[in-house]
Amino acid sequence: HSKVSKTGKLAVQLTIVVFTFTVHCQDFKDVEGDRLIGHRTVPIMFPIASRPVVGFGLPIWSYLLCCIWDIDRFCTLAFVAYGCFLGGRFIARRR
């Protein structure tokens, strides 16, 4: 009989939250095709807000997760910079 530690539970919960927040990112690449077949994806239902939410959310989540896991400053800077890079691409690649 084994128990999951508090850290393990927190890791699973945060993974679910981040996955839920980002799973719709795959829908951006085929908005036109989804629209043609009647799919109701997040980018179709929220065309103005969906990209900025991801764009600003990625660096924010990067920072929050580094704070939660007590990551050193250098690695936090690297993760947040990468989050800014990816987030910026989501915002800039709007068609």
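Scroll up a little and you will see the structure.
None of the values given here were measured: they were computed from a predicted structure.

A. Up close: the overall build of the chain. In terms of helices and strands, the chain carries five helices and zero strands. Scanning the chain from its N terminus toward the C terminus, one meets helices and strands in the order α-α-α-α-α. What you see for the chain is a C-alpha radius of gyration of 16 Å, clearly larger than the 12 Å of a compact globule of 95 residues, by over 25%. Taken across its 95 residues, the chain has 26% of its residues classed as buried. For the chain, long-range pairs separated by at least 24 residues make up 65% of all intrachain contacts whose partners lie at least 6 apart in sequence. For the chain, the accessible area works out to roughly 7300 Å², and carbon and sulfur atoms hold 67% of it. Separation of charge centres in the chain, based on 12 positive and 6 negative side chains, amounts to 4 Å.

B. Looking closely at the side chain of D34. Along the chain, D34 turns up in helix 2 (residues 31–36). Beyond its immediate chain neighbours, meaning those up to four positions away, D34 contacts D27, H39, T41 and I44.

C. Spotlight on the environment of V53. Among the structural elements, V53 can be located in helix 4 (residues 50–68). Residue classification places V53 among the partly exposed residues on the basis of a relative accessible area of 41%. Sequence-wise, V53 and I16 are 37 residues apart; in three dimensions their C-alpha atoms are separated by 17 Å.

D. Here's a closer look at the pattern of salt bridges. Applying the stated criterion across every chain yields a total of one salt bridge. Note that E32 is salt-bridged to R35, the shortest N-O span being 3.1 Å. Separated by three residues within a single helix, E32 and R35 lie in helix 2, roughly one turn from each other. Note on R35: relative accessible area 42%, which makes it partly exposed.

E. Spatial organisation of the packing of helix 1 (residues 6–22) against helix 4. Where helix 1 meets helix 4, the axes come as close as 11 Å, and the angle between the chain directions of the two elements is 170°. Accordingly, the angle class assigned to the pair helix 1 and helix 4 is roughly antiparallel. Contact residues: helix 1 offers L10, L14, V17, V18, F21 and T22, while helix 4 offers V53, V54, G57, L58, W61, L65 and I68. When its residues are assigned to classes, the contact of helix 1 with helix 4 shows eleven nonpolar, two polar and no charged.

So, how was this worked out
Residues numbered from 1 in each chain as written. Predicted model: local features only at pLDDT ≥ 70, side-chain atom pairs only at ≥ 80, totals over all residues. Heavy atoms only, no water. Helix = DSSP H or I, 4+ residues; strand = E, 2+ residues; numbered from the N terminus. Rg over C-alpha atoms; globule rule 2.2 N^0.38 Å. Buried < 20%, exposed > 50% of the residue type's maximum accessible area, 1.4 Å probe, protein only. Contact = heavy atoms within 4.5 Å. Areas by Shrake-Rupley, 256 points an atom, 1.4 Å probe, with all protein chains shown as cover. Lys, Arg positive; Asp, Glu negative; His and termini not counted. Charge placed at Lys NZ, Arg CZ, Asp CG, Glu CD. Salt bridge = Lys/Arg side-chain N within 4 Å of Asp/Glu carboxyl O. Axes fitted to C-alpha atoms, helices over the stretch in contact; angles between N-to-C directions. Parallel < 35°, antiparallel > 145°, perpendicular 65-115°, else oblique. Nonpolar A, V, L, I, M, F, W, Y, C, P; charged D, E, K, R; others polar.

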